[in-house]
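# A closer look at the structure
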Amino acid sequence: MTEAISKERPVSRREWLMSDRPQSRMQARLGRAYLVWSRFASNRLAVVGLCIIIALLLVAIFAGVLAPHSPVAGDLRNARLLPPSSEYLLGTDDQGRDILSRLIYGSRLTLYVVILVAIIAAPIGLLVGTISGYAGGWVDSVLMRITDIFLAFPKLILALAFVAALGPGIENAVIAIAITSWPPYARIARAETLTVRNSDYIAAVRLMGASPTRIVLRHIMPLCLSSLIVRVTLDMAGIILTAAGLGFLGLGAQPPLPEWGAMIASGRRFIMDQWWVAAAPGFAILIVSLGFNLLGDGLRDALDPRGNNQ
Amino acid sequence: MSSTEQQLESRRSGAWASSFLWATGRFILIGAVTFLGLLAVTFFIGRVIPIDPALAIVGDRAPAHVVERVREEYGLNLPIYQQFLIYIKDALQGNFGNSVLTTNPVMTDIRRVFPATMELATFGTLLGALFGVPLGVLAAVKRGSIIDQIVRIIGLVGYSVPIFWLGLLALLVFYAKLGWTSGPGRIDVVYEYTFTPITGFYLLDAILQGNWEAFRNIFSFIILPASLLGYFSLAYISRMTRSFMLNELEQEYIVAARAKGLSETRIIWGHALRNAAVPLVTVIALSYAGLLEGSVLTETVFSWPGLGLYITNSLQNADMNAVLGGTIIIGTVFVAINLLSDVLYRALDPRTRPR
């Protein structure tokens, strides 16, 4: 039947993607992706956010090519605290280092923190949430109580205390932020698990003799991913701000690493006269976390059209 | 968030659960468990992460018998669960040990600096609510218009900007360049001897004493950090107000009110906002708790002598007793406000009242 139709009139690519009777799994998946993408692309601010994040990735990858000067070694004799000029586009800091180059290399540290926190915190939350939701009973109660307790803590203060005990450094900052940011993911994963737990396909898998581990890992976790990704993207901005805050207090990346928060801290002494030293890294933080916020908002609206699209 | 889910849970759990007494007991229980969790985490940070807490106190060059004496004195030779029990007992009595930096008991220090933080956070929340609620209402009523877009961007920037950086720029512009406000600090040295704090809330103290000159001076100091914190709570409050209002404006009673011929002003401010006010109270309470936490960075930038600055100064000097004491206090207030906003929600929303 369908073959007959397609012989009469070649289908356009859009029709092939939008088909409500996909011929293959790949067509179904591509069609789905196309739908999400067209919803996402219709939100202009979300596309701006995506562009910012892609730009951040490119800058981080090609930092060695893009940076005009060294990020750590400066010209102490001739180039201390210079205002922006054609030689140093964003000026230089108190060590005679080019601020633009430091910003460019700093993007790597920002990405490093964000990605590591996501890699540590999201799986913890996913695991706790799916186990809690699938097991139910006292396991659920205990795990959710613990999650609630962590959720009720002030995140920044707790991260501060953790880093104070572990010692300053970018790895410890990552650990501290990850420890304080998994609870929302656990809640989301649990809510998603509860909605699919009693569905027919789970019952079918169970009848086929799948172990609870297999059910949770192979059949429940993949379904939690999309809402989890949205939430992680939305949290990225908060993670960047917390990391920058720790850096500002001298608890994050240590000198001479060009971490943006630490750069603001070192520019603080010169804020009255050489304001560009502190202004530039703060602006970079603002742009990047704005990008993540816009992207997260857009993803939420695109992946979950039922939700309140604000 | 957690509050709404807890509420649904308690609603589901049947009629007998709806008695007010039971609900109160439940809140106290949740509060106690969370507080215990807070203590467990700070205990873990202070006693378990350092390899040898005794060495952390006396330093690694101390002779062996000194280390041994300290270990006994602080009960560090006891099994870990006994140490934790002692820790809980001490914390309940408000004993967090002595600060290495000031040599005072940590609790005495905190009592001294906490009003400054409260004053700043309160002022900030007031500003945030004062401007955030009308902006949110306006954005909801004129949905999709230029105003809505502007409110959205104000909110997004508020979510994305590093607070300490904005504080530095604000100091640069309003203090150094324009000279409109005072710089870092809380009050001019000139008033150190003529102005005596009573409550620790300087603005209130100045009013109580009728010292208007001091009031003006204090105001010129607090306005910058408070506006900064206010901006952050504005970002959150306006966004939530907008979504609550959109929700209310879709309801049928609004259509009924329109059909009755009520003025649009009356419908929006008298009917829709009044119904949105119940969840808004929760939001404002939560943003207040957020500002208490956010004060750590703001106080550092503005040299505001509050708990946040106390914690960061202690951090710089590896004064763990002070850091953890401050963490417990802010955490406790945070947890308490969370629970209180839950109770308030129940008290204000007639649907959750026991029948």
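Reading the values: the criteria
- Position numbers for residues count from 1 along each chain, tracking the sequence in the order it is written.
- To read the labels, note that chains go from A and ligands from 1, taken in the order they are written.
- Local features in this predicted model are restricted to residues of pLDDT 70 or higher, and side-chain atom pairs are both shown and tallied only at a pLDDT of 80 or more, whereas totals for entire chains, interfaces and linings draw on every residue.
- Under the DSSP-based scheme used, a helix requires at least four consecutive residues in state H or I and a strand at least two consecutive residues in state E, with every element numbered from the N terminus.
- Counting other C-beta atoms within 10 Å of each residue's C-beta, where C-beta atoms are placed from the backbone, gives the exposure class: buried for 20 or more, exposed for 12 or fewer, partly exposed between.
- Each residue is represented by a C-beta atom placed from its backbone, and any two residues with such atoms within 7 Å are regarded as in contact.
- Residues are sorted three ways: Asp, Glu, Lys and Arg are charged, Ala, Val, Leu, Ile, Met, Phe, Trp, Tyr, Cys and Pro are nonpolar, and all the rest, Gly among them, are polar.
- We define the nonpolar core as any set of buried residues of the types Ala, Val, Leu, Ile, Met, Phe, Trp, Tyr and Cys, connected via C-beta atoms lying within 7 Å of each other.
- Residue ranges for the domains originate in an automatic or database domain assignment.

The number of helices and strands found in chain B is 14 helices and zero strands. Overall, chain B shows an N-to-C arrangement of helices and strands of α-α-α-α-α-α-α-α-α-α-α-α-α-α. When burial is assessed residue by residue, chain B has 37% of its 355 residues classed as buried. Pairs at least 24 residues apart make up 73% of the contacts formed inside chain B by residues separated by at least 6 positions.

Turning to the interface of chain B and chain A, a few remarks are in order. In this assembly, 41 residues from chain B lie in contact with 37 residues from chain A. Of all the secondary structure elements, the ones that give two or more residues to the side of chain B that touches chain A are helix 2 (20–48), helix 7 (146–160), helix 8 (163–177), helix 12 (264–302), helix 13 (307–316) and helix 14 (320–348) of chain B. Residue contributions to the side of chain B that touches chain A peak at nine residues, all from helix 14 of chain B. For the side of chain B that touches chain A, a count of residues per class yields 28 nonpolar, twelve polar and one charged.

To continue, consider the nonpolar core. One finds L160(A), A161(A), A173(A) and I240(A) to be the most contacted residues of the largest nonpolar core, which totals 162 residues. Looking at this core, the element that brings in the most residues is helix 12 of chain B, giving 18 residues. Per-domain counts for this core show at least three residues from each of domain 1 (13–92) and domain 2 (113–305 + 330–352) of chain B. Residue contacts for A173(A): discarding those within four places in its chain leaves V113(A), V163(A), A243(A), L246(A), L251(A) and G252(A).

So, about unusual backbone geometry. A cis geometry characterises the amide bond from P255(A) onward to P256(A), with omega recorded as 10°. One non-glycine residue, T103(B), adopts positive backbone phi at about 65°. Along the chain, the position of T103(B) falls in the loop between helix 5 (80–92) and helix 6 (106–141). A count of 8 C-beta atoms within 10 Å places T103(B) in the exposed class.

So, on to the domain arrangement of chain B. All names here are of chain B. By the assigned domains, chain B splits into domain 1 (13–92) and domain 2 (113–305 + 330–352). For domain 1 and domain 2, the distance between their C-alpha centres works out to 34 Å. The partner domain 2 presents eight residues to the seven residues of domain 1 that form the contact. Class assignment for the residues of the side of domain 1 that touches domain 2 results in five nonpolar, two polar and no charged.

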